[in-house]
Amino acid sequence: MSLKNVTQRLSQVSAKIHKAPVDTIEWPESVEPSSAWFTSPKLMTIAGTSFETSLNEQTRRRLSFFEAVNFYSLNINGEKPLVEGLNKRLYAKGQARLLPYLHHFLDEENKHMQFFGRFCMSYSGKVYKDKKISFPRTYVEGEEDFLFFAKVVIFEEIADYFNILQAADENLHPVARKINLLHHQDEARHLTFGRQLVLELFEEKKTVWSTETLQGISIYLLSYMVATWKEYYNPEMYRDAGLSDSYEMMTEAWNCEAQKNLRREASSKCIRFFLDTGIITEEPDL
Amino acid sequence: MSDQDVKAKLKKWIIGKNPTTDLSALSDSTPLITQKLITSVQMLDFILFMESIGANEFDPETLTPQSFATIDTIYQNFFA
């Protein structure tokens, strides 16, 4: 028996024993990208831009499919290091109080990647690659853990804004709607945990860390918010939707006032939390 | 686009991202990462910019901070 057959067989047995969210979705054999909305029109990167009026509905629907593939890809690309980071913290010194929930968190993030990945691989044949690169750096005591969980909150708050609205959008393709619903149901708990943990870690350390460290954290997280949003404007999705001038589209979409308002609105809860706690000292330039 | 044009565009992007730093001496061999002229959170933006000015196709999974050490390194790795 080949390794491929073995993994298929073992996956079937595991799926039978442990009912996973991915198995609660009715997956069609194939989908036609231009046949439905896969991203809510008002949440697409072309909302409020000249492309919204210049492109016909079929093309916009097709783009909505690739915007969904990009949204699911960036979630996978965000959840991979998250799983890695959570794993590293399991049974680590000083993390005992988090242990019971870390197991659930880790388990649920893995399950998210299953349904995001299945959509991407089954219907587009790929997951868009992660273009973020981490540089090795040094941290003061407690800073690495704090930044890890603070970035998780930022990433998940933004994604959850999309999840909530898209789970409720009756015009969305049923698979896309269900994926957003399933993700939101878990993320709501992850965010409650994440916000509380970030707050506690910051309260513990803010009087210990130097002004320079605190300023560095604020600058870093403000830049991270902008970088997180940039991923939503992936030129590859415009190209895959058959649109030329993908970089011009990205630039116009990013600079469009309506899109800036969308980013501010979608990030407002997150920004308010980080401002109120004093973790960031100004609004990000979204 | 000539190599000088590409390098000039790369320099312009870096200068634009560091408005409070005096970069009049920025050269093709200035260490960009160690001098924090490009930070990890700017990398996605920088990669998108490189692609928009005609960088060769590359696999993001193979990239390391060293791939972006200097303007010369970036040119050699992504445009030559």
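What you see is a predicted model; the values in this text were computed from it and never measured.

A separate point is the overall build of chain A. Looking only at helices and strands, chain A features 10 helices and 0 strands. Helices and strands in chain A line up, N terminus first, as α-α-α-α-α-α-α-α-α-α. For a compact globule of 286 residues, the expected C-alpha radius of gyration is about 19 Å, and chain A comes in at 20 Å, within 12% of that figure. Taken over the C-alpha atoms alone, chain A extends approximately 55 × 55 × 35 Å along its principal axes. For chain A, with 286 residues in total, the buried portion stands at 52%. As displayed, chain A has an accessible area near 13,900 Å², and 52% of this comes from carbon and sulfur atoms. Of the charged side chains in chain A, 34 are positive and 40 negative, and the gap between their average positions amounts to 4 Å.

Attention shifts here to the pattern of salt bridges. On inspection of all chains with the given rule, the structure shows 25 salt bridges over all chains. For the salt bridge of Arg195(A) with Glu157(A), the shortest nitrogen-to-oxygen distance reads 2.4 Å. Taken together, the residues span a long stretch of sequence, with Arg195(A) in helix 6 (residues 174-205) and Glu157(A) in helix 5 (residues 143-167) at a distance of 38 residues. Residue Lys17(B) pairs with Asp45(B) through a salt bridge whose shortest N-O separation is 3.1 Å. One end of the pair, Lys17(B), is in helix 1 (residues 3-17); the other, Asp45(B), is in helix 2 (residues 43-52), with 28 residues separating them in the sequence. For Asp45(B), a relative accessible area of 17% gives the class buried. One salt-bridge network, held together by shared partners, links Lys7(B), Lys11(B), Asp28(B) and Asp72(B).

Our next topic: unusual backbone geometry. All names here are of chain A. Despite not being glycine, Tyr91 has its phi angle at roughly 60°, a positive value. Position of Tyr91 among the secondary structure elements: in the loop between helix 3 (57-89) and helix 4 (99-123). Note on Tyr91: relative accessible area 62%, which makes it exposed. Positive phi, normally seen in glycine, also occurs at Asp245, with a value near 55°.

Pairs of aromatic rings are described using the distance from one ring centre to the other and the angle between the two planes. All names here are of chain A. By the definition in use, this model includes 31 aromatic pairs over all chains. Between Phe71 and Phe162, the ring centres sit 5.5 Å apart and the planes meet at 35°, which makes this aromatic pair tilted. Separated by 91 residues along the polypeptide, Phe71 in helix 3 and Phe162 in helix 5 bring together distant segments of the chain. Each of the two residues, Phe71 as well as Phe162, counts as buried.

Time to look at the confidence of the model for chain A. In this model, chain A carries an average pLDDT of 94, and 100% of its residues clear a pLDDT of 70 or more. Between the elements of chain A, mean pLDDT differs from a low of 78, seen in helix 1 (residues 3-17) of chain A, to a high of 97, seen in helix 10 (residues 257-276) of chain A.

What follows is about the environment of Thr24(A). Residues and elements named next belong to chain A. Along the chain, Thr24 falls in the loop between helix 1 and helix 2 (50-54). Sequence separation between Thr24 and Phe115 is 91 residues, and the spatial gap between their C-alpha atoms is 9.8 Å. Residues in contact with Thr24, not counting those within four places in the same chain, are Lys19, Lys178 and Leu182.

Our focus in this paragraph is the packing of helix 1 of chain B against helix 3 (residues 71-78) of chain B. Residue and element names in this part refer to chain B. For the pair helix 1 and helix 3, the least separation of the axes is 10 Å and the interaxial angle reads 125°. The orientation of helix 1 with respect to helix 3, classified from their angle, is oblique. Both helix 1 and helix 3 take part in a crossing whose hand is right-handed. Here Asp3, Val6, Lys7, Leu10, Lys11 and Ile14 of helix 1 lie close against helix 3, whose contacting residues are Ile71, Asp72, Ile74 and Tyr75.

Scoring rules and cut-offs
- Residues numbered from 1 in each chain as written.
- Chains lettered and ligands numbered in written order.
- Predicted model: local features only at pLDDT ≥ 70, side-chain atom pairs only at ≥ 80, totals over all residues.
- Heavy atoms only, no water.
- Helix = DSSP H or I, 4+ residues; strand = E, 2+ residues; numbered from the N terminus.
- Rg over C-alpha atoms; globule rule 2.2 N^0.38 Å.
- Buried < 20%, exposed > 50% of the residue type's maximum accessible area, 1.4 Å probe, protein only.
- Areas by Shrake-Rupley, 256 points an atom, 1.4 Å probe, with all protein chains shown as cover.
- Lys, Arg positive; Asp, Glu negative; His and termini not counted.
- Charge placed at Lys NZ, Arg CZ, Asp CG, Glu CD.
- Salt bridge = Lys/Arg side-chain N within 4 Å of Asp/Glu carboxyl O.
- Phe/Tyr/Trp six-rings, centres within 6.5 Å; stacked < 30°, edge-to-face > 60°.
- pLDDT = per-residue confidence, 0-100.
- Contact = heavy atoms within 4.5 Å.
- Axes fitted to C-alpha atoms, helices over the stretch in contact; angles between N-to-C directions.
- Parallel < 35°, antiparallel > 145°, perpendicular 65-115°, else oblique.
- Left-handed = near helix turned anticlockwise from the far one by under 90°.

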